[in-house]
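Listed below are the residues making up each chain.
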Amino acid sequence: MKRTPETLVILSPGFPENEADTACIPPQQIFARALKKICPGLNIVVISFQYPFVESVYNWHGIKVYTIGGKEKGGYNRALVWLKAWRILLKLKKETRLLGILSFWFGECAFVGSYFAKRYRLNHYTWVLGQDAKRGNKYFRWVKPKGNELIALSDFIATEIRQNYWISAQLVIPVGIDTSMFGPPPAKRDIDILGAGSLIPLKQYHIFVEAIAYLKNYFPNIKAVICGKGPEIDNLKTLVASLNLQNNLAFVGELLQKDVLALMQRSKVFLHPSAYEGFGSVLSEALYAGAHVVSFCKPMNKDYRHHYVVKTPDEMNVTLSTILKNTHRGHDPVLMCPIEQIAKNMISLFV
């Protein structure tokens, strides 16, 4: 008699539409691949609520993906998405042995996953991944989670949950990086300052542009690059023109992840001016790429070499100048969190 396979279900608001789509939640897809690699006999199924914007079923790196195609619509459509997710979970429960459910972000996925797990007495954890830890998240009121059901992305996120919801997340599991994705380092680092991320107000890329204007006074030929797309792009380009930085700062748009990593390996400094960050994977990626990292955010309580945490734009400018002037700074890789260990830590919660 054939044994019914054990299945771990991952609930996510979005997931890559195919194996070539490396721009969609890169840290989470790297995690899913690593989980499949270290647990080849485990049946991993992803249910994606909103993106891709079509309803389908497909295979992604050996993982079965159900997409509901909610398209971020509200009202009745949102409830219909939840109902469809519930039905898929019921189907999986009937056909396999459910090991448990892991929800990405404390939102609608955690809402559906938590109630399904309680109904059928399954293990369920929610990975709180960033802005979902901010005050005002209605799902905390609806679900009323216990601390042992929450996985904080970082020490910073654990503190946010405790301060905003009076819940102590008993687990902290950060994002990891796949070191095999990095190529050999180039002979020369020809980019002085690199930035990468969504060009939205929260990420504060105007501070990045203003920092380049400041540094140009001391490094007239400074070369900076920003990767990413978003609604702030036109404002940022206008700011670049007003500060006469067209020859110093280039916008290269949204790139494949391997191309972003290659740019990191060519960079002396990675500048991350975001006002809020749970644990940006770009920080750990840039450190492993050998770049020095400057940011306002400090995700973990531990200090890491080549990571400089500043409090103000003025302090950021001085720190950037000091790093660039130091010809003996070194660019050896700093490994914060290998993805294999992150995947092992996560799966240990279910077995």
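Residues numbered from 1 in each chain as written. Predicted model: local features only at pLDDT ≥ 70, side-chain atom pairs only at ≥ 80, totals over all residues. Heavy atoms only, no water.

1. Focus: the overall build of the protein
Then step 1. In terms of regular secondary structure, the protein is built from 11 helices and 14 strands.
Then step 2. Projected onto the principal axes, the alpha-carbon positions of the protein cover approximately 70 × 40 × 35 Å.
Then step 3. Counting all 351 residues of the protein, 55% fall into the buried class.
Then step 4. The contacts in the protein between residues at least 6 apart in sequence include a share of 68% that link residues at least 24 apart.
Then step 5. Accessible surface, the protein: about 16,200 Å² in total, of which carbon and sulfur atoms supply 53%.
Then step 6. The centroid of the 42 positive side-chain charges in the protein is displaced by 7 Å from the centroid of its 27 negative side-chain charges. (Helix = DSSP H or I, 4+ residues; strand = E, 2+ residues; numbered from the N terminus. Buried < 20%, exposed > 50% of the residue type's maximum accessible area, 1.4 Å probe, protein only. Contact = heavy atoms within 4.5 Å. Areas by Shrake-Rupley, 256 points an atom, 1.4 Å probe, with all protein chains shown as cover. Lys, Arg positive; Asp, Glu negative; His and termini not counted. Charge placed at Lys NZ, Arg CZ, Asp CG, Glu CD.)

2. Side note on the pattern of salt bridges
Then step 1. Summed over all chains, the structure comprises 12 salt bridges.
Then step 2. Between E6 and R97 there is a salt bridge; the shortest N-O distance is 3.8 Å. In this pair, E6 is assigned in strand β1 (residues 6–14) and R97 in strand β5 (residues 97–104), connecting sequence segments 91 residues apart.
Then step 3. In this structure R97 comes out as partly exposed when scored by relative accessible area, which is 32%.
Then step 4. Connected through salt bridges with shared partners, the residues E72, R78 and E108 form a single ionic network. (Salt bridge = Lys/Arg side-chain N within 4 Å of Asp/Glu carboxyl O.)

3. Observations regarding a positive patch on the surface
Then step 1. Taken together, the side chains of K118, K138, R141, K144 and K146 present a region of like positive charge at the surface.
Then step 2. Mapped onto the fold, K118 is located in helix α3 (residues 108–120). (Patch = residues over 30% accessible without salt bridge, like charges linked within 9 Å, V, L, I, M, F, W, Y side chains within 5 Å.)

4. A closer look at the pairing of strand β12 (residues 267–272)
Then step 1. β12 sits mainly inside the fold: six of its six residues count as buried.
Then step 2. Taking the sense of rotation as the criterion, the β-α-β connection linking β12, helix α9 (residues 281–288) and strand β13 (residues 292–295) turns out right-handed. (Right-handed = clockwise from strand over helix to strand, strands pointing away.)

5. So, the pairing of strand β4 (residues 63–67)
It is a general feature of regular strands that their side chains alternate between the two faces of the sheet.
Then step 1. Of all five residues making up β4, four are buried, and the element is well covered by its neighbours.
Then step 2. Here strand β2 (residues 43–51) pairs with β4 via four bridges, running parallel. Bridge assignment links I47 to a residue of β4, and that residue is Y66.
Then step 3. Across five bridges, the pairing between strand β3 (residues 56–60) and β4 is antiparallel. Residue pairing in the sheet places N59 in a bridge with K64 of β4. (Pairing = 2+ DSSP bridges.)

6. With respect to the sheet that holds strand β6 (residues 124–128)
Then step 1. In spatial order, the strands read β3-β4-β2-β1-β5-β6-β7-β8; together these eight strands make up an open sheet with mixed pairing. Sheet topology places β3 and β8 (171–172) at the edges, where each strand pairs with a single neighbour.
Then step 2. Along the sheet face, helix α5 (residues 155–165) touches β6, β7 (150–152) and β8 and points at about 130° away from the line of β7. (Axes fitted to C-alpha atoms, helices over the stretch in contact; angles between N-to-C directions.)

7. Digging into the packing of helix α1 (residues 26–38) against helix α11 (residues 339–347)
Then step 1. Contact pair α1 / α11: the axes reach a minimum separation of 9 Å and the direction vectors enclose 75°. Considering the angle they form, α1 stands roughly perpendicular to α11. Note on element contacts: α11 touches α1 through I339, E340, I342, A343, K344, M346 and I347, opposite I30, F31, A34, L35 and I38. (Parallel < 35°, antiparallel > 145°, perpendicular 65-115°, else oblique.)

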